[in-house]
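Chain and residue survey
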Amino acid sequence: MELNTEYDVAIVGGGPAGLSAAIYAARGGLKTVVFEKALIGGQIVVTADVENYPGFAENLSGFDIADKMQKQAEKFHAEIKIEEVKAIGTEGLCKVLETDKGLYRVKSVILATGAHPRKLAVPGEEKFTGRGVSYCATCDGALYRNKVVAVIGGGDSAVEEANFLTKFAQKVYVIHRRDELRAVKIVQERAFKNEKMEFIWNTAVQAIEGGDFVERLILFNKKTEKISVLPVDGVFIYVGIIPNSGLLESRVTFDKQGFVQTDDTMHTDIPGVYAAGDVTHKVLRQVVTASSDGATAAFSAEKWIEENKEGFPKK
């Protein structure tokens with residue numbers, strides 16, 4: 001492959017962390033490119049309502065936030081390319097990115113690749129994915145108008161999406177392996193007041209069954225040790241996320257769950273390579289914290305490039 005255009009900063013991932021990094025890097029005068037393999041905006045695009053992003057009294061959709069971020073980044077001349085980064089190598093102080101369309105030499109990299117949903121790993125999950133098993137209520141909720149669905153999980157995402165599903169479904173079961181939710185209090189209160197929602201506690205899903213589509217869940221109550229059958233038309237799974245950290249493989253430090261460890265500047269173990277957003281080890285994974293990470297990473301990358309400018313090849 002021939003080497004394509006050279007950049008100061010390459011951002012891998014076009015979600016809130018990546019777009020925020022692009023805004024700060026491009027506004028700081030760095031030649032900036034964002035590589036996104038799928039949809040600009042990342043996971044937030046499939047969120048129907050975002051009500052805790054500062055500065056907006058009215059709810060915004062995830063798509064609206066991503067669209068505004070993209071336009072802002074492009075206003076400062078950041079380039080956005082729909083290409084998948086396959087590998088990241090080093091060439092002196094520079095990094096070389098191989099995408100599905102070419103090679104790029106850059107001075108610094110910001111990894112903002114996010115994460116993907118964790119699966120239950122029970123019989124029937126793979127078979128019925130797209131046929132009653134979903135990981136996105138915003139994407140598929142309308143398909144279950146006047147039907148019965150189950151949501152698996154007890155965190156913010158699970159309870160918020162269960163609330164959202166009541167706009168369509170006649171009944172939403174929330175199945176949680178513990179006896180209390182992990183979601184923030186305001187989200188819990190809203191859920192407990194929703195007459196369409198019913199909670200099944202201390203319970204794990206053992207299998208997902210049906211014919212052509214999902215028809216029932218096989219449940220195991222951890223306290224009574226009894227097995228039961230719950231007829232449902234669909235199941236939405238929210239049991240955690242797995243970081244998309246494979247590009248850095250074993251070259252950086254990860255936590256026990258595989259999230260990238262960084263310092264306060266978002267720097268990884270590789271000089272000039274930063275990580276931001278859901279791919280990193282952190283306490284809170286929200287749009288506002290991803291945006292903060294992206295801004296910090298871009299600021300740090302700009303400073304690192306300036307400090308090492310004598311070590312880069314002369315044009």
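Going by the structure above, here's the rest.
Structure report, in brief.

1. Digging into the overall build of the protein
When you go through the protein residue by residue, the secondary structure sums to seven helices and 17 strands. Taking 20 Å as the expected radius of gyration for a compact globule of 315 residues, we find that the protein reaches 22 Å, a close match to that expectation. When its C-alpha atoms are laid out on the principal axes, the protein stretches across 70 × 40 × 35 Å. Within the protein, the proportion of its 315 residues that are buried is 49%. The long-range fraction of contacts in the protein, counting pairs at least 24 apart against all pairs at least 6 apart in sequence, stands at 59%. As displayed, the protein offers around 15,700 Å² of accessible surface, 50% of which is attributable to carbon and sulfur atoms. Separation of charge centres in the protein, based on 39 positive and 43 negative side chains, amounts to 2 Å.

2. Overview of the packing of helix 1 (residues 16–27) against helix 2 (residues 62–75)
With their axes 8 Å apart at the nearest point, helix 1 and helix 2 run at an angle of 25° to one another. Taken together, the axes of helix 1 and helix 2 are roughly parallel relative to one another. Crossing angle aside, the handedness with which helix 1 passes helix 2 is left-handed. Counted together, P16, L19, A22 and I23 of helix 1 and A66, M69, Q70, Q72 and A73 of helix 2 form the full contact between these two elements. Taken together, the residues of the contact of helix 1 with helix 2 break down into seven nonpolar, two polar and no charged.

3. A short note on the environment of T203
Summarising the element assignment, T203 is placed in strand 12 (residues 203–210). The spatial distance from the C-alpha of T203 to the C-alpha of R177 is 4.5 Å, given a sequence separation of 26 residues. Excluding anything up to four places from it in sequence, T203 contacts I175, H176, R177, L219, F220 and N221. A polar atom in the side chain of T203 sits 2.7 Å from the backbone oxygen of W201.

4. Notes on the packing of helix 5 (residues 156–165) against helix 6 (residues 185–192)
Look at helix 5 against helix 6: their axes get within 10 Å of each other, and the N-to-C directions meet at 35°. By crossing handedness, the relation of helix 5 to helix 6 is classed as left-handed. Between helix 5, through D156, V159, E160 and N163, and helix 6, the contact on the second element is made entirely by V187, R190 and A191. Per-class residue counts for the contact of helix 5 with helix 6 are three nonpolar, one polar and three charged.

5. Topic: the side chain of T166
With respect to the helices, strands and loops of the structure, T166 is situated in the loop between helix 5 and strand 10 (171–175). Residue T166 is classed as buried on the basis of its relative accessible area, which comes to 9%. Ignoring sequence-local partners within four residues, the contact set of T166 consists of V172, N194, K196 and M197.

6. A short note on the nonpolar core
By size, the foremost hydrophobic cluster in this structure holds 25 residues, and its most contacted members are V9, I11, A22, I110, Y274, A297 and I305. Breaking this core down by element, the ones donating at least two residues are strand 1 (7–12), helix 1 and helix 7 (287–307). Those residues within four positions of A297 in sequence are excluded, and the remaining contacts are I110, T265, M266, Y274 and A276. By size, the runner-up hydrophobic cluster in this structure holds 21 residues, among which are V151, A169, V172 and V187.

7. Some thoughts on the packing of aromatic side chains
The geometry of two aromatic rings is summed up by the distance between their centres and the angle between their planes. On inspection of all chains with the given rule, the structure shows eight aromatic pairs. Aromatic side chains Y53 and F56 sit 6.2 Å apart centroid to centroid with 20° between the ring planes, which places their arrangement in the stacked category. Using a relative accessible area of 31% as the deciding quantity, one classes F56 as partly exposed. On the numbers, 5.5 Å between centres and 75° between planes, the contact of Y144 with F236 is edge-to-face. Of this pair, Y144 sits in the loop between helix 4 (137–140) and strand 9 (148–152) while F236 sits in strand 15 (residues 234–237), and the two are 92 residues apart along the sequence.

8. With respect to the state of the cysteines
What the rule picks out here adds up to one disulfide. In this model C136 forms its disulfide with C139; the gap between the sulfur atoms is 2.1 Å. An S-S torsion of about 75° defines the bridge between C136 and C139 as right-handed.

9. Things to note about the pairing of strand 6 (residues 103–111)
Of all the nine residues making up strand 6, eight are buried; the element is thus mostly covered by neighbouring parts of the structure. Note that strand 1 and strand 6 share five bridges and pair parallel. Its bridge partner lying in strand 6, V9 is registered against S108. The sheet contact formed by strand 5 (residues 94–99) and strand 6 spans four bridges and is antiparallel. For E98, the partnering residue across the bridge sits in strand 6 and is L103. Following strand 5, the chain reverses through three residues before pairing antiparallel with strand 6.

Rules used throughout
- Residues numbered from 1 in each chain as written.
- Predicted model: local features only at pLDDT ≥ 70, side-chain atom pairs only at ≥ 80, totals over all residues.
- Heavy atoms only, no water.
- Helix = DSSP H or I, 4+ residues; strand = E, 2+ residues; numbered from the N terminus.
- Rg over C-alpha atoms; globule rule 2.2 N^0.38 Å.
- Buried < 20%, exposed > 50% of the residue type's maximum accessible area, 1.4 Å probe, protein only.
- Contact = heavy atoms within 4.5 Å.
- Areas by Shrake-Rupley, 256 points an atom, 1.4 Å probe, with all protein chains shown as cover.
- Lys, Arg positive; Asp, Glu negative; His and termini not counted.
- Charge placed at Lys NZ, Arg CZ, Asp CG, Glu CD.
- Axes fitted to C-alpha atoms, helices over the stretch in contact; angles between N-to-C directions.
- Parallel < 35°, antiparallel > 145°, perpendicular 65-115°, else oblique.
- Left-handed = near helix turned anticlockwise from the far one by under 90°.
- Nonpolar A, V, L, I, M, F, W, Y, C, P; charged D, E, K, R; others polar.
- Polar contact = N/O pair within 3.5 Å; in protein donor to acceptor, adjacent residues only side chain to side chain.
- Core = buried A, V, L, I, M, F, W, Y, C linked by side-chain atoms within 4.5 Å.
- Phe/Tyr/Trp six-rings, centres within 6.5 Å; stacked < 30°, edge-to-face > 60°.
- Disulfide = S-S within 2.5 Å.
- Pairing = 2+ DSSP bridges.

In short, geometric facts, not functional conclusions.
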